[in-house]
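Reading the structure
So the chains spell out like this:
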Amino acid sequence: MKKNILKIQNLYANINDTTILKGVNLSVNAGEIHAIMGPNGSGKSTLAKVIAGHPLYKVTQGSVKLNGVDITYSEPEERANKGIFLAFQYPVEIPGVNNIDFLRLAYNEKMKKENKPLLDPLVFFNLITEKAQTIGMNTQFLTRNVNEGFSGGEKKRNEILQMALLNNELSILDETDSGLDIDALKSISKSINSFLDSNKAIVLITHYQRLLDYIVPDFVHIMQEGQIIHTGNADLAKKLEKNGYQNILN
């Protein structure tokens, strides 16, 4: 029997008194890839942010459990330390913060919570250089400020580097494919596929079938008006690409 990593039950959430999520149910087990698709404004990115604990979103009903532990009202950093990673749709630039220092701080904070040895700058440099080379990222980006002056593809690759470094159980990737050319998409997809193992799970949020040509999901969920209203296998995404949402949802 597969280990359950994420369990969402009857989840309602709002922002600025506007209800976005209206009873979401989702179960994700270890070793699985789940894709969440849906029209603009259906609640996909909101769901990702609520799982990660974004402070602007208020949960009004339901629950979010990670490995059987209720994290519905946990702080974002607590969720991260328990095993959740979120790659943003629009990664922000952080002027004045060196990328490698940012990554080492995040990594050592995780090690501290796990009672493992912290890495000094030299040892960490060797580790992060190896990780960067594994995902095909130019190591010169390690010494620049976080995402500052990065192209869209470079920002997304930096997010995948963080994912590989932190090695969390649950990775939520919010439109990782947006703004990528075909070569970058193939490269990043290869890195994501190599990351998954029988102890981890990935949730992909995407508008387009093309990502799912390279990362084949076990389940595809369609969101509409704040709910998951239909679930199928990878073929569902191909039907969406061919026929659009209305033909599937009607």
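So, how was this worked out
Residues numbered from 1 in each chain as written. Predicted model: local features only at pLDDT ≥ 70, side-chain atom pairs only at ≥ 80, totals over all residues. Heavy atoms only, no water. Helix = DSSP H or I, 4+ residues; strand = E, 2+ residues; numbered from the N terminus. Rg over C-alpha atoms; globule rule 2.2 N^0.38 Å. Buried < 20%, exposed > 50% of the residue type's maximum accessible area, 1.4 Å probe, protein only. Contact = heavy atoms within 4.5 Å. Areas by Shrake-Rupley, 256 points an atom, 1.4 Å probe, with all protein chains shown as cover. Lys, Arg positive; Asp, Glu negative; His and termini not counted. Charge placed at Lys NZ, Arg CZ, Asp CG, Glu CD. 1 Å grid on protein atoms, 1.4 Å probe; cavity = no way out; pocket = protein on both sides within 12 Å on 5 of 7 lines; lining within 4 Å. Points joined across faces, edges and corners; volume = space filled by probe spheres on them. Nonpolar A, V, L, I, M, F, W, Y, C, P; charged D, E, K, R; others polar. Phe/Tyr/Trp six-rings, centres within 6.5 Å; stacked < 30°, edge-to-face > 60°. Lys NZ or Arg CZ within 6 Å of the ring centre and 35° of its normal. Expected span 1.5 Å × (residues − 1). Arc of directions from axis to C-beta. Polar contact = N/O pair within 3.5 Å; in protein donor to acceptor, adjacent residues only side chain to side chain. Pairing = 2+ DSSP bridges.

The chain is annotated in an unreviewed UniProt entry as Probable ATP-dependent transporter ycf16 of Calliarthron tuberculosum.

Turning our attention to the overall build of the chain. Check the secondary structure of the chain and you find eight helices and twelve strands. By the compact-globule yardstick of 18 Å for 250 residues, the chain fits well, its C-alpha radius of gyration being 18 Å. Overall, the chain is about 55 × 40 × 40 Å in size when its C-alpha atoms are taken along their principal axes. Counting across all 250 residues of the chain, residues that qualify as buried make up 49%. The long-range share in the chain, meaning contacts at least 24 apart out of those at least 6 apart in sequence, stands at 69%. Carbon and sulfur atoms make up 49% of the accessible area of the chain, which amounts to about 12,100 Å² in all. Put simply, the chain has 27 plus and 27 minus side-chain charges, and the middle of one group is 3 Å from the middle of the other.

Counted as a void, the largest pocket has a volume near 780 Å³. For the largest pocket, the lining is made up of 27 residues, of which Pro76, Ala80, Phe85, Leu86 and Phe88 are closest to its centre. Counting residues per element, the lining of the largest pocket draws most heavily on helix H2 (residues 76–82), at five residues. The volume enclosed by the second largest pocket comes to roughly 180 Å³. At the level of elements, strand E4 (58–66) and H2 are the ones that each hand at least two residues to the lining of the second largest pocket. Residue composition of the lining of the second largest pocket, grouped by class: six nonpolar, four polar and three charged.

The next thing to look at is the packing of aromatic side chains. What the rule picks out here adds up to two aromatic pairs. With centroids separated by 5.8 Å and ring planes inclined at 45 degrees, the aromatic side chains of tyrosine 107 and phenylalanine 124 adopt a geometry described as tilted. Here tyrosine 107 is found in helix H3 (residues 99–113), whereas its partner phenylalanine 124 is found in helix H4 (residues 121–134), with 17 residues between them in sequence. For the pair tyrosine 107 and phenylalanine 124, one class covers both residues: buried. Sitting above the plane of the phenylalanine 195 ring, lysine 200 keeps its charged end 4.7 Å from the centroid.

What follows covers H3. For H3, built from 15 residues, the straight-helix expectation of 21 Å at 1.5 Å per residue is met to within 8% by its first-to-last C-alpha distance of 22 Å. For H3, every residue scored as buried is listed here: Asn99, Ile100, Leu103, Tyr107, Asn108, Lys110 and Met111. Looking straight down H3, one finds that the buried residues subtend no more than 155 degrees of arc, so they occupy a single side. Away from its buried face, by an angle of more than 90 degrees, H3 presents the exposed residues Leu105 and Lys113. Where H3 is buried, its residues contact H2, strand E7 (94–98), H4, strand E8 (145–146) and helix H5 (152–166). The distance from a side-chain oxygen at the start of H3 to the backbone nitrogen of isoleucine 100 is 3.0 Å, and the residue carrying that oxygen is asparagine 98. At the exit of H3 stands asparagine 115, carrying a positive phi of roughly 55 degrees.

In terms of burial, strand E9 (residues 170–174) is largely enclosed, as five of its five residues are buried. Burial along E9 is two-sided: the face carrying Leu170, Ile172 and Asp174 and the face carrying Ser171 and Leu173 are both buried. Both strand E6 (residues 84–87) and E9 contribute to a ladder of four bridges, which runs parallel. The residue of E9 that forms the bridge with phenylalanine 85 is serine 171.

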